[in-house]
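# Overview (structure and organization)
Spelled out, the chains give:
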Amino acid sequence: MPLSPDPSGEFQEANPETVLFAMFNGDDRIGCRVEWSALRDRAVADCTDPDNVVATFHRHRGTIEQIASEQFDAGKEMPVVDTEHLTPVKA
């Protein structure tokens, strides 16, 4: 069953490496994270400021949550979104 977004929309910049956010599996809160490097790489691909990871997180939050939900459904207890997932290399 897919995870549900946290209705509060809260997130936390947890050191200069990750953004932490929560999703829900029913009533269970699931900790998730997206790597700053993934957000920077996504910003470069979008031709936006790679240093503004918060803005990139907001722009792509739906996609990030979808990726985290798919990882959770595949058995990953704490989903981690990285560049490979958020900005896949096109052949």
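The rules behind the values
- Per-chain numbering applies: the sequence of each chain, read as written, is numbered from 1 onward.
- With pLDDT at 70 or above as the cut-off, local features in this predicted model cover only qualifying residues; side-chain atom pairs require 80 or more to be listed or tallied, and sums for whole chains, interfaces and linings still use all residues.
- Note that water and hydrogens are dropped before the side-chain values are worked out from all heavy atoms of the structure.
- A pair of strands is considered paired only if DSSP assigns at least 2 bridges between the two.
- Secondary structure elements follow DSSP: runs of H or I no shorter than four residues count as helices, runs of E no shorter than two count as strands, and numbering proceeds from the N terminus.
- Burial classes: relative accessible area under 20% of the type maximum marks a residue as buried, over 50% as exposed, and values in between as partly exposed (1.4 Å probe, protein chains only).
- What makes two residues a contact is simply this: any of their non-hydrogen atoms within 4.5 Å.

Turning our attention to the pairing of strand β4 (residues 28-35). Summarising the sheet, strand β3 (residues 18-25) and β4 pair through eight bridges and their orientation is antiparallel. Bridging across to β4, Phe-24 finds its partner in Arg-29. Joining the antiparallel neighbours β3 and β4 is a turn of two residues, in which Gly-26 adopts a positive phi near 65 degrees. With two bridges joining them, β4 and strand β5 (residues 80-81) adopt parallel strand pairing. Bridge assignment links Val-34 to a residue of β5, and that residue is Val-81.

Within the secondary structure, Gln-71 sits in helix α3 (residues 61-73). Using a relative accessible area of 11% as the deciding quantity, one classes Gln-71 as buried. Excluding residues that lie within four positions of it along the chain, Gln-71 makes contacts with Lys-76, Pro-79, Val-80, Val-81 and His-85.

Here the focus is unusual backbone geometry. Of note in the backbone geometry, Cys-47 takes a positive phi value of approximately 60 degrees without being a glycine. Of note, Cys-47 is situated in the loop between α1 (36-46) and α2 (53-59).

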